[in-house]
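Overview (structure and organization)
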Amino acid sequence: MERNAERTVMMTRGIGRDGEIFARKSSGESSRKLSPSASVERTVLLVAILASFVAFLDGAIVNVALPAITADLGGGLVLQQWVVDAYLLSLGALILIAGAVSDAFGRVRILRAGLIVFGVASLGCAFAPEGALLVAARAVQGAGAAMLVPSSLAMITETFSGPERARAIGTWTGWTGTAFIAGPLFGGLLVDSVSWRLIFAINVIPIGATLLLLLRIKSPAPAGTRRRIDFVGALLAAAGLGGPVFALIEQLQLGWQNPTVFVPFVLGVFCFGGFLWWEHRTPQPMMPLGLFRIRNFGVGNLATAFIYAGVSLGQLVVVLFLQEVAGLSAAWTGLATIPVALLSLLLAGVFGGLAGKHGPRLFMTAGPLVAGIGYLLMLTSHLPFDFWTQVLPGLILFGLGLAITVAPLTAAILGAVPPGQSGIGSAVNNAVSRVAGLVAIAFAGVIVNGALDVAGFHRVLTVTAVLFAAGGIISALGISNSSSAPPVVVRRVVEGL
């Protein structure tokens, strides 16, 4: 019976020596998976690394350029918030649906479209004559990035299997992780020596190389029945996030009583409520709400929201303070962020392995608390400023806390969902972290009261520490060690690193 059932399979995934990903079989023939050639495997891995590296690099590089951007285009803190949040808004709203689109239309097609969109938007950022056009181009960049990461990782999982898949994902993680180390320093050097515009224009080089490599990978027709795409959910999510974010940023200039601020806020709240209602009733939601009833998934994502809100808010304002108040150059500011990235890169796997043995709750509790203490240490900062004694110790402690937290957090979330839903579980967690950062940065202007100074910096440090503490407390009270992921899952959980 089982052999007869296997013979009725119409299509099996695989990659042939000519780069074909799917091998079609007529009815009655035995299905078999084709083994990809070594050259195809190398090409797929290189494409996945380059495509994701561009998206990660852009997210890591832009913060150090914000003071130079506003010095050139004006706009102050409001423009700085929009340059970051326009990207996060479209990325957070579209990353879930991008995975479904990739399933429906093929990884290679969506990856190629994402690269083109990202490249054109990067040039738009580089040549933007005013702040409004820069913000618009950044929003388009975020839409392109939403297509890049899910498709590139999916290509790896479809091409490789067994131990080779784990090694390929490890290679992908290692190379893309260097973006968070090299990005701020490289960006700072470009800003100081040439122009902030070059940090966007330079994207066309890796994008062009990736598009050429994609020509060696044929784009097959997707297998099976095409999954319905939740466009209604995507539109409601975008409006539900965009309205409140717009209001939080623009109220600094216009005030809450202005209809231009109040109306988008109210409409956004209604749209977000409509999004939750729609996701509950539609048969194929882009965010399956039922997953949140799983204890570690629901609690883990709640902790993620607070932790990544702290990460985004704290890191943005530290970078701005170092340049605009303390007077450091963009290059020195980029160099100052390297300890955090190095600690995360070197130690995240270690703590992930420990969490796989002992359970994630201790690490998800201690890590955020350590990170929060790091931000409280920076409350000693004042003028005249000394980076080595006032900020560096706190940054090192924050980096250590982040390293303790990230892998156990993501592994606990993915280890809680059934293996067949690990993809959507990872995408949801990725979206939660992006949206949390989006909202936190929108609140930055409210916290500093419109202008960043030492007192405003201290308020941000305190709020950031509270966010981390909340994430740790939520983890301590709600995370269960009994449903934690085994070590193999920890190694493969790369989206949160």
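In this text, all values refer to a predicted model and were calculated from it rather than measured experimentally.

**What to know about the overall build of the protein**
Within the protein, the regular secondary structure consists of 20 helices and two strands. A burial count over the protein gives 54% of its 497 residues as buried. Nonlocal contacts in the protein, meaning residues at least 24 apart in sequence, comprise 80% of its contacts between residues at least 6 apart.

**Section: helix H10 (residues 231-254)**
Compared with the 34 Å implied by 1.5 Å per residue over 24 residues, the 33 Å span of H10 between its first and last C-alpha is a close match. Backbone geometry just after H10 places glycine 255 at a positive phi near 85 degrees.

**Topic: the packing of helix H2 (residues 38-61) against helix H9 (residues 204-214)**
Their axes nearest at 9 Å, the elements H2 and H9 cross at an angle of 150 degrees. By the angle class used here, H2 and H9 are roughly antiparallel. Crossing of H2 against H9: the hand is left-handed. Touching Thr43, Leu46, Val47, Leu50, Ala51 and Val54 of H2 are Pro206, Ile207, Thr210, Leu213 and Leu214, all from H9.

**Some points on a nonpolar patch on the surface**
A cluster of nonpolar side chains, namely Leu123, Phe127, Val204 and Ile205, defines an oily patch on the protein surface of about 400 Å² accessible area. Note on placement: leucine 123 falls in helix H5 (residues 107-126).

**What to know about the side chain of asparagine 301**
Take asparagine 301: it is sitting in helix H12 (residues 295-324). Note on asparagine 301: relative accessible area 3%, which makes it buried. Among residues more than four places away in sequence, those in contact with asparagine 301 are Phe292, Asn296, Ile413, Val428, Asn429 and Val432.

**With respect to empty space enclosed by the protein**
Within the structure shown, the criterion is met by two cavities of 30 Å³ or more. The space that makes up the largest cavity amounts to roughly 40 Å³. Considering the residues around the largest cavity, the lining is formed by Leu77, Val317, Leu320, Ala444, Gly445, Val448 and Leu452. Elements represented by at least two residues in the lining of the largest cavity include exactly H12 and helix H18 (422-448). Across the lining of the largest cavity, the residue classes tally to six nonpolar, one polar and no charged.

**Overview of the packing of aromatic side chains**
Enumeration according to the criterion identifies 13 aromatic pairs in this entry. When the centroid spacing of 6.2 Å and the interplanar angle of 85 degrees are considered together, the rings of tryptophan 196 and phenylalanine 200 count as edge-to-face. Residue classification places tryptophan 196 among the buried positions, given a relative accessible area of 3%.

**What about the packing of helix H14 (residues 338-358) against helix H17 (residues 392-416)?**
H17 packs onto H14 with a crossing angle of 35 degrees between their chain directions and a minimal axis gap of 7 Å. Considering the relative orientation of H14 and H17, their crossing is right-handed. The residues of H17 that touch H14, namely those facing Pro339, Val340, Leu343, Ser344, Leu347, Ala348, Phe351, Gly352 and Ala355, are Leu392, Leu395, Ile396, Phe398, Gly399, Leu400, Leu402, Ala403, Ile404, Ala407 and Pro408. Within the contact of H14 with H17, the residues separate by chemical class into 17 nonpolar, three polar and no charged.

**Section: helix H11 (residues 259-281)**
Within an α-helix, residues lying three or four positions from one another point in the same direction, as the helix has 3.6 residues per turn. The end-to-end C-alpha distance of H11, which contains 23 residues, comes to 32 Å, matching closely the 33 Å that a straight helix rising 1.5 Å per residue would cover. Among the residues of H11, those classed as buried are Val261, Gly268, Gly274, Phe275, Trp278 and Glu279. Elements in contact with the buried residues of H11: H10. Capping the start of H11 is the job of one residue whose side-chain oxygen sits 2.8 Å from the backbone nitrogen of threonine 260: asparagine 258.

**Describing the pattern of salt bridges**
What the rule picks out here adds up to two salt bridges. Between arginine 138 and aspartate 58 there is a salt bridge; the shortest N-O distance is 2.5 Å. Of this pair, arginine 138 sits in helix H6 (residues 131-159) while aspartate 58 sits in helix H2, placing them 80 residues apart in sequence. Accessibility assignment for this pair places arginine 138 and aspartate 58 in one class, buried. When the shortest N-O distance is used, the salt bridge between arginine 197 and aspartate 72 registers 3.4 Å. Of the two residues, arginine 197 sits in the loop between helix H7 (162-193) and helix H8 (198-201) while aspartate 72 sits in helix H3 (residues 66-73), which places them 125 residues apart along the sequence.

**Structural notes on the environment of alanine 234**
Tracing the sequence through the fold places alanine 234 in helix H10. Judged by relative accessible area, alanine 234 falls into the buried class, the value being 7%. Linking alanine 234 and methionine 286, residues 52 residues apart in sequence, is a C-alpha distance of 7.8 Å. Not counting residues up to four positions away in its chain, the partners in contact with alanine 234 are Ile97 and Met286.

**Here's the deal with the side chain of threonine 405**
Here threonine 405 shows up in helix H17. One polar contact links the side chain of threonine 405 to the main-chain carbonyl oxygen of glycine 401, over a distance of 2.7 Å.

**Let's talk about the confidence of the model for the protein**
Should the pLDDT be low somewhere, the predicted coordinates at that spot are not to be read in detail. Looking at the protein as a whole, its pLDDT mean stands at 82, while 85% of the residues score no less than 70. Throughout residues 1-34 the model reports pLDDT below 50, and contacts reaching past four residues in sequence, or to other chains, amount to 65 contacts. Scored below 50 in pLDDT, residues 484-497 shows 32 contacts in the model against residues more than four places distant or in partner chains.

**Some details on the environment of alanine 98**
With respect to the element layout, alanine 98 can be found in helix H4 (residues 76-105). Put simply, alanine 98 and alanine 143 are 45 residues apart on the chain and 9.0 Å apart in space, counted from C-alpha to C-alpha. Excluding residues that lie within four positions of it along the chain, alanine 98 makes contacts with Ala146 and Met147.

Rules behind the numbers
Residues numbered from 1 in each chain as written. Predicted model: local features only at pLDDT ≥ 70, side-chain atom pairs only at ≥ 80, totals over all residues. Heavy atoms only, no water. Helix = DSSP H or I, 4+ residues; strand = E, 2+ residues; numbered from the N terminus. Buried < 20%, exposed > 50% of the residue type's maximum accessible area, 1.4 Å probe, protein only. Contact = heavy atoms within 4.5 Å. Expected span 1.5 Å × (residues − 1). Axes fitted to C-alpha atoms, helices over the stretch in contact; angles between N-to-C directions. Parallel < 35°, antiparallel > 145°, perpendicular 65-115°, else oblique. Left-handed = near helix turned anticlockwise from the far one by under 90°. Patch = residues over 30% accessible without salt bridge, like charges linked within 9 Å, V, L, I, M, F, W, Y side chains within 5 Å. Areas by Shrake-Rupley, 256 points an atom, 1.4 Å probe, with all protein chains shown as cover. Salt bridge = Lys/Arg side-chain N within 4 Å of Asp/Glu carboxyl O. 1 Å grid on protein atoms, 1.4 Å probe; cavity = no way out; pocket = protein on both sides within 12 Å on 5 of 7 lines; lining within 4 Å. Points joined across faces, edges and corners; volume = space filled by probe spheres on them. Nonpolar A, V, L, I, M, F, W, Y, C, P; charged D, E, K, R; others polar. Phe/Tyr/Trp six-rings, centres within 6.5 Å; stacked < 30°, edge-to-face > 60°. Polar contact = N/O pair within 3.5 Å; in protein donor to acceptor, adjacent residues only side chain to side chain. pLDDT = per-residue confidence, 0-100.

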